[in-house]
Amino acid sequence: MNTTPELPPREPENTLDQILRQELRWEAPSALTAQLLALVPGAPVTNLLPPMRPKSWYSMLVLVLTAVAIGLSLAVAWQLYSLIGAELGLGAILVQLRDAPAVGLQRLYEALPASRQFVALLVAVRDQLHWLLLAIVLWLALDGWQPRRRPQRTTS
């Protein structure tokens, strides 16, 4: 037996709901909270100060050292993989893979001379599909775009 009443399904939030939610949330300043807690006898002492942030030069040093470590790791990995690739003959395989479409088309043209027009038609369709894909992506990106409006706070 469930004795708790079921809540009706929640409606999607509109812009007014979002603005009200932002405006109705209020946080007391930490200095005011500390002063009020100091007035209460026996109140627990809490550290309400914001956490200390590292100095900017330290953050920049860590950022630069991290970038150097990542770059060095990538350089070592590149050298290792190029050495392994040279030993296995991956360069020749990559050249063959790069030239394979041209060789395949040449053999197709020799076997079926009428295939040139078909391939030209496919290339034209592919080019048009690229433009269509670009138009669809732009339409989807701009259709749902709405400028963000921040509520204006009035002081009285």
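Residues numbered from 1 in each chain as written. Predicted model: local features only at pLDDT ≥ 70, side-chain atom pairs only at ≥ 80, totals over all residues. Heavy atoms only, no water.

## Digging into the overall build of the protein
Right, so step 1: Along the protein, the regular secondary structure elements total 5 helices and 0 strands.
Right, so step 2: For the protein, the sequential pattern of α-helices and β-strands runs α-α-α-α-α.
Right, so step 3: Counting across all 156 residues of the protein, residues that qualify as buried make up 3%.
Right, so step 4: As displayed, the protein has an accessible area near 15,600 Å², and 67% of this comes from carbon and sulfur atoms. (Helix = DSSP H or I, 4+ residues; strand = E, 2+ residues; numbered from the N terminus. Buried < 20%, exposed > 50% of the residue type's maximum accessible area, 1.4 Å probe, protein only. Areas by Shrake-Rupley, 256 points an atom, 1.4 Å probe, with all protein chains shown as cover.)

## Points about the packing of helix H4 (residues 90–111) against helix H5 (residues 115–143)
Right, so step 1: Orientation of H4 relative to H5, taken along the N-to-C sense of each, is 135 degrees, at an axis distance of 8 Å. By the angle class used here, H4 and H5 are oblique. Residue-level inspection shows Leu105, Leu108 and Tyr109 of H4 in contact with H5, the latter providing Ser115, Arg116 and Val119.
Right, so step 2: In terms of residue class, the contact of H4 with H5 is made up of 4 nonpolar, 1 polar and 1 charged. (Axes fitted to C-alpha atoms, helices over the stretch in contact; angles between N-to-C directions. Parallel < 35°, antiparallel > 145°, perpendicular 65-115°, else oblique. Contact = heavy atoms within 4.5 Å. Nonpolar A, V, L, I, M, F, W, Y, C, P; charged D, E, K, R; others polar.)

## Overview of helix H3 (residues 56–88)
Right, so step 1: Over its 33 residues, H3 runs 48 Å from end to end, which matches the ideal 48 Å to within 8%, given 1.5 Å per residue.
Right, so step 2: Gly89, located one to two residues past H3, shows a positive phi value of around 80 degrees. (Expected span 1.5 Å × (residues − 1).)

## Structural notes on the packing of aromatic side chains
Right, so step 1: Tallied over the full model, the rule gives 1 aromatic pair.
Right, so step 2: Seen from their ring centres, Trp57 and Tyr58 are 6.0 Å apart, and the 85 degrees between their planes marks the pair as edge-to-face. (Phe/Tyr/Trp six-rings, centres within 6.5 Å; stacked < 30°, edge-to-face > 60°.)

## A look at the pattern of salt bridges
Right, so step 1: In the structure shown here, the tally under the stated rule is 2 salt bridges.
Right, so step 2: Asp127 is the partner of Arg126 in a salt bridge, and the nearest nitrogen-oxygen pair spans 3.4 Å.
Right, so step 3: Judged by relative accessible area, which is 32%, Asp127 ranks as partly exposed. (Salt bridge = Lys/Arg side-chain N within 4 Å of Asp/Glu carboxyl O.)

## Examining a nonpolar patch on the surface
Right, so step 1: A surface patch of nonpolar side chains, amounting to about 930 Å² of accessible area, comprises Phe118, Leu121, Leu122, Val125, Leu129, Leu132, Ile136, Trp139 and Leu140.
Right, so step 2: Within the element layout of this structure, Val125 appears in helix H5.
Right, so step 3: A relative accessible area of 41% means that Val125 is categorised as partly exposed. (Patch = residues over 30% accessible without salt bridge, like charges linked within 9 Å, V, L, I, M, F, W, Y side chains within 5 Å.)

## Description of the confidence of the model for the protein
Right, so step 1: Across the protein, pLDDT averages 84, with 81% of residues at or above 70.
Right, so step 2: Per-element mean pLDDT across the protein ranges from 78 in helix H1 (residues 15–24) up to 95 in H3. (pLDDT = per-residue confidence, 0-100.)

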